[in-house]
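Geometric and topological summary
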Amino acid sequence: MSDRKKIVFQGETGANSHMACRSVYPDYVAVPCATFEDCFAAMESGEADFGMIPVENSIAGRVADIHHLLPRSNLHIIGEYFMPIRFQLMAPKGARIENLKSVQSHVMALGQCRNIIRDLGLKAIVGADTAGSARQIAELGDLTAAALAPEMAAEVYGLDILKRNVEDAEHNTTRFLILSREPARAAYSGQPVITTFIFRVRNVAAALYKALGGFATNGVNMTKLESYQLEGQFFASMFYADIEGHPDDKNVALALEELAFFCAELKILGVYRANPFREKIREPEANRALRPNSAQ
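For the structure given in this document, a descriptive report is provided here. Note that the structure is a prediction, hence the values are computed from the model and not measured.

Comments concerning the environment of S133
Position of S133 relative to the elements: it lies in helix α6 (residues 130-140). Taking the relative accessible area as the measure of exposure, S133 reaches 0% and is therefore buried. On a C-alpha basis, the gap between S133 and L148 in space is 7.7 Å, while along the polypeptide they are 15 residues apart. Here S133 is in contact with Q104, S105, H106, G127 and A147, once residues within four sequence places are set aside.

A look at the sheet that holds strand β10 (residues 159-163)
Overall, mixed pairing links the 5 strands, which are arranged β8-β7-β9-β6-β10 in an open sheet. Because the sheet does not close on itself, it has two edges, and the strands there are β8 (123-127) and β10. Ignoring which end each strand starts from, the neighbouring axes of this sheet average 35° apart. Two strands pair when backbone bridges link them, and strand β7 (residues 102-106) and strand β9 (residues 145-149) are joined in this way by 3 bridges, in the parallel orientation. Following the sheet pairing, Q104 is matched in β9 by A147. Here α6 sits on the sheet and contacts β6 (88-92), β7, β8, β9 and β10; the angle it forms with β9, its principal contact strand, is near 155°.

Some thoughts on the pairing of strand β3 (residues 50-57)
With 8 of 8 residues buried, β3 is to be regarded as a mostly interior element. Pairing of β3 with strand β4 (residues 61-62) involves 2 bridges; the strand directions are antiparallel. Bridge pairing links E56 to R62 in β4. Here β3 folds back onto β4 in antiparallel fashion, the turn holding 3 residues.

Section: the layout of surface pockets
One simple way to see leftover space: roll a probe sized like a water molecule over the atoms. The volume enclosed by the largest pocket comes to roughly 950 Å³. Along the wall of the largest pocket there are 40 residues; nearest its centre are N221, T223, E244, R278 and R282. A class-by-class count of the residues in the lining of the largest pocket yields 14 nonpolar, 14 polar and 12 charged. In this structure, the second largest pocket encloses a volume near 640 Å³. The wall of the second largest pocket is formed by 23 residues, among which Q10, N16, P54, H106 and M108 lie closest to the centre. Taken together, the elements giving at least two residues each to the lining of the second largest pocket come down to α1 (16-24), β3, β4, α4 (107-111) and β11 (173-180). Grouping the amino acids of the lining of the second largest pocket by side-chain chemistry returns 11 nonpolar, 10 polar and 2 charged.

Brief notes about the packing of aromatic side chains
Applying the stated rule across the entire model yields 8 aromatic pairs. For the pair Y25 and F50, a centre-to-centre distance of 5.2 Å together with 50° between the ring planes defines the contact as tilted. Of the two residues, Y25 is situated in the loop between α1 and β2 (29-33) and F50 in strand β3; the sequence distance between them amounts to 25 residues. Pair check on accessibility: Y25 and F50 agree, each one buried. Arranged with centres 5.6 Å apart and planes meeting at 15°, the rings of Y28 and F50 form a pair that is stacked.

Cut-offs applied
Residues numbered from 1 in each chain as written. Predicted model: local features only at pLDDT ≥ 70, side-chain atom pairs only at ≥ 80, totals over all residues. Heavy atoms only, no water. Helix = DSSP H or I, 4+ residues; strand = E, 2+ residues; numbered from the N terminus. Buried < 20%, exposed > 50% of the residue type's maximum accessible area, 1.4 Å probe, protein only. Contact = heavy atoms within 4.5 Å. Pairing = 2+ DSSP bridges. Axes fitted to C-alpha atoms, helices over the stretch in contact; angles between N-to-C directions. 1 Å grid on protein atoms, 1.4 Å probe; cavity = no way out; pocket = protein on both sides within 12 Å on 5 of 7 lines; lining within 4 Å. Points joined across faces, edges and corners; volume = space filled by probe spheres on them. Nonpolar A, V, L, I, M, F, W, Y, C, P; charged D, E, K, R; others polar. Phe/Tyr/Trp six-rings, centres within 6.5 Å; stacked < 30°, edge-to-face > 60°.

Encoded structure:
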């Protein structure tokens, strides 16, 4: 039996999540799971060491399932990874691009590759996912049928790539969270850190406004704040948030203390190194403000 560690992802072999696993943990065995629930179960039971879970996409927005699964689990966020999403037009060996009649992929991938579909006059067919569509096209063997999928899917299922990087938007990027059963909080060393937490404010007037005030007064940058309903109750909203900084930073500690005062529930999900990709997506004004001796 192999002693190699395992990392789970949702989807089929060759999916974008599989590529993310291979990029970050090339020495781990990447194990596909049918659902996010299966991924979480594998980590919680000890069958897998880590999980590579998409949480948001720059075009499609958040992956809603994660906001409900992560808070109820006993898992911890130990890292993040940003991966540019690139789609390849692929078909069975021997196919020619001018003979294609249809293309299959996940509905989001089809929506992100409208230009190539329109230019080639192809019939768009919705599949369960990108890698699964590539597998089905390979099994079908129809030289007029293509798939839109990650490059790895062509490698796995023996398809030819007829046209590369056919996505409409070059900025298409997915952010993944790396989850673990064991906590691994980043050390307090002055390096860029992200702290992720969920909270539910007390049901009193202006509670959210007051709860968030501490981040403003203490100069803590909140990079994400999203709400979602709790267990189907319209009056009980949970909030998911990312901030820049470590809980051991004095200003972050004060902001979290003020937040806790107005909360019925507060749980830190992870304290982890900020991925270097964040510097590429930081607003120019923020970059200037963070430079030493910058004008205020």
